[in-house]
Amino acid sequence: METDLKFYKERLKERREELVAEIESAKESTKPVELDQASVGRLSRMDAMQAQEMALALERRKKEELVRIGSAMKRIETEEYGYCIDCEEPIAPKRLEFLLTVLTCVECAAKRE
Ligand SMILES: [Zn+2]
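**Q** Can you lay out the overall build of the protein chain for me, pointing to particular residues and giving the numbers?
**A** Per the secondary structure count, the protein chain includes five helices and zero strands. In summary, the protein chain has a C-alpha radius of gyration of 19 Å against a globular reference of 13 Å for 113 residues, an excess of more than 25%. Along the longest, intermediate and shortest principal axes, the C-alpha atoms of the protein chain span 65 × 30 × 20 Å. Looking at the protein chain as a whole, 8% of its 113 residues are labelled buried.

Laid out in structure tokens, this is it:
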């Protein structure tokens, strides 16, 4: 079965836009925590720092996904997209749809673990 590259390309683009927008709107929460003792108590300052740490971790994950999307786009251009990088068999469409940037088929993913 042939992989519908156009379909995945659109899906990848959508996901990329979504991620860029999310990173943009999260900028407020990844800013350094202000240590303004007058307006923020000790506990809430710790809360704020914890929230910031979580926001940064989330941002890191999103940026990693953006990198994976970028390489998936390249693989679409070279028509390698949708093929397992280990056994070179087509990846099941359902798996690919769910995990747009996945590089291996189910069998090879299981072997890698
Ligand atoms: Zn495989």
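**Q** Mind laying out helix H1 (residues 5-25), listing which residues take part and the relevant values?
**A** With 21 residues, H1 extends 30 Å from end C-alpha to end C-alpha; this agrees with the ideal 30 Å at 1.5 Å per step. Burial analysis of H1 places just two of its 21 residues in the buried class, a small minority of the element.

**Q** Pulling in residues and values, what's your account of the packing of H1 against helix H3 (residues 42-77)?
**A** Running from N to C, H1 and H3 cross one another at 155°; their axes reach a closest spacing of 10 Å. By the criterion of interaxial angle, the relationship of H1 to H3 is roughly antiparallel. In this structure, H1 crosses over H3, and the sense of that crossing is left-handed. Side by side, H1 and H3 meet where Leu5, Tyr8, Lys9, Leu12, Arg15, Arg16, Leu19, Glu22 and Ile23 of the first sit next to Glu59, Lys62, Glu65, Leu66, Ile69, Ala72, Met73 and Ile76 of the second.

**Q** Describe unusual backbone geometry, with residues and values.
**A** In this model, Glu79 sits at a positive phi of 60°, which is unusual for a non-glycine residue. With respect to the helices and strands, Glu79 occurs in the loop between H3 and helix H4 (93-98). According to the C-beta neighbour criterion, Glu79 is exposed, with 10 such atoms within 10 Å.

**Q** Tell me about the nonpolar core, and please be specific about residues and values.
**A** Ranked by size, the top nonpolar core spans seven residues in total: Tyr8, Leu12, Ala72, Tyr81, Ile91, Leu96 and Cys105. Dropping the residues within four chain positions of it, Ala72 is found in contact with Leu12, Tyr81, Leu100 and Thr101.

**Q** Can you lay out H3 for me, pointing to particular residues and giving the numbers?
**A** Between the first and last C-alpha of H3 there are 53 Å, a value that for 36 residues agrees with the 52 Å anticipated at 1.5 Å per step. Immediately beyond the C-terminal end of H3, within one or two residues, lies Glu79, with a positive phi of roughly 60°.

What counts, and at which threshold
Residues numbered from 1 in each chain as written. Predicted model: local features only at pLDDT ≥ 70, side-chain atom pairs only at ≥ 80, totals over all residues. Helix = DSSP H or I, 4+ residues; strand = E, 2+ residues; numbered from the N terminus. Rg over C-alpha atoms; globule rule 2.2 N^0.38 Å. Buried ≥ 20, exposed ≤ 12 C-beta atoms within 10 Å, placed from the backbone. Expected span 1.5 Å × (residues − 1). Axes fitted to C-alpha atoms, helices over the stretch in contact; angles between N-to-C directions. Parallel < 35°, antiparallel > 145°, perpendicular 65-115°, else oblique. Left-handed = near helix turned anticlockwise from the far one by under 90°. Contact = placed C-beta atoms within 7 Å. Core = buried A, V, L, I, M, F, W, Y, C linked by C-beta atoms within 7 Å.

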